[in-house]
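Here are the chains, one letter per residue:
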Amino acid sequence: VWLSFGIAMILSFLLRYLDRRQANVSYSAGPAWPIGSWLVLLGISLGISSIIQLFEVFTSNYFNRSVWMTLGEDGGVALQAVCGLELTLDLVWIGGSTACFYWFIRRRDIFPRMFIGYIATMLIGDVILLALYKYVPYPASYGDLATMMGTKLFQTTIYGLIWITYVLKSDRAKNTFVRSA
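Residues numbered from 1 in each chain as written. Predicted model: local features only at pLDDT ≥ 70, side-chain atom pairs only at ≥ 80, totals over all residues. Heavy atoms only, no water.

Engineer: So what's going on with the packing of helix H2 (residues 38–59) against helix H3 (residues 65–106)? Residues and values would help.
Structural biologist: Orientation of H2 relative to H3, taken along the N-to-C sense of each, is 150°, at an axis distance of 9 Å. One finds that H2 runs roughly antiparallel with respect to H3. As for how H2 packs across H3, the hand of that crossing is left-handed. Contacts from Leu-39, Leu-42, Gly-43, Leu-46, Gly-47, Ser-49, Ser-50, Gln-53, Leu-54 and Val-57 of H2 reach H3 at Leu-87, Asp-90, Leu-91, Trp-93, Ile-94, Ser-97, Thr-98, Cys-100, Phe-101 and Phe-104. A class-by-class count of the residues in the contact of H2 with H3 yields 12 nonpolar, 7 polar and 1 charged. (Axes fitted to C-alpha atoms, helices over the stretch in contact; angles between N-to-C directions. Helix = DSSP H or I, 4+ residues; strand = E, 2+ residues; numbered from the N terminus. Parallel < 35°, antiparallel > 145°, perpendicular 65-115°, else oblique. Left-handed = near helix turned anticlockwise from the far one by under 90°. Contact = heavy atoms within 4.5 Å. Nonpolar A, V, L, I, M, F, W, Y, C, P; charged D, E, K, R; others polar.)

Okay, structure coming up:
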């Protein structure tokens, strides 16, 4: 629980710091275009991902002491550490998707960079978790966690490739995210 509060505080300070930043735009910084076209779908996906990730954190029993004791019995400290890292990454991703959604709605000039950073942290975190689930022993009753994480990594990669390409290449995105702090 304290880890969650600590991460929430750090993320709120980081959001305030990043929200004051401005990005140089290589295109007309005139009036911003309204959010439209495929950007609507991107905004919906960011909002829904925040809600889904939040729901998963609260329904995964991360805050149940008996679950942590069972993890210790089933896989030792290593499995507990991996699950602690997974909780930490989930909380960071909730903060990242929420911040990106906030900047998306405000049509901020920093949105494209922050969105790319958000996707990058998801990819790096998924790779780390995949490697850990391949090498940290856990009971077969947990299922094939490495395969599940590999599937998640593949999905995140496809999502990132599609949306990062769109955000960087489309005139709609370039002319929508032009507002400074």
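Engineer: A description of the packing of H2 against helix H4 (residues 111–135) should follow, citing residues and the corresponding values.
Structural biologist: Between H2 and H4, whose axes approach to 14 Å, the crossing angle comes to 45°. By the criterion of interaxial angle, the relationship of H2 to H4 is oblique. The element H2 and its partner H4 pack so that their crossing is left-handed. Along its contact with H2, which presents Leu-42, Leu-46, Ser-49 and Gln-53, the element H4 presents Phe-111, Phe-115 and Tyr-118. When grouped by side-chain class, the residues that make up the contact of H2 with H4 number 5 nonpolar, 2 polar and no charged.

Engineer: Please set out unusual backbone geometry residue by residue, giving values where relevant.
Structural biologist: With a phi angle near 55°, Ser-37 is a residue other than glycine that sits in the positive phi range. Along the chain, Ser-37 falls in the loop between helix H1 (2–19) and H2. By relative accessible area, which is 49% here, Ser-37 ends up partly exposed. At Arg-107, a residue that is not glycine, the phi angle is positive and equals roughly 55°. The topology assignment puts Arg-107 in the loop between H3 and H4. Arg-107 gets classed as buried once you look at its relative accessible area, which sits at 15%. (Buried < 20%, exposed > 50% of the residue type's maximum accessible area, 1.4 Å probe, protein only.)

Engineer: Provide a residue-level description of the environment of Trp-38, including the pertinent values.
Structural biologist: Within the element layout of this structure, Trp-38 appears in helix H2. As for Trp-38 and Leu-11, which are separated by 27 residues in sequence, their C-alpha atoms are 28 Å apart. Discounting residues that sit within four places of it in the chain, Trp-38 has contacts with Trp-163 and Tyr-166.

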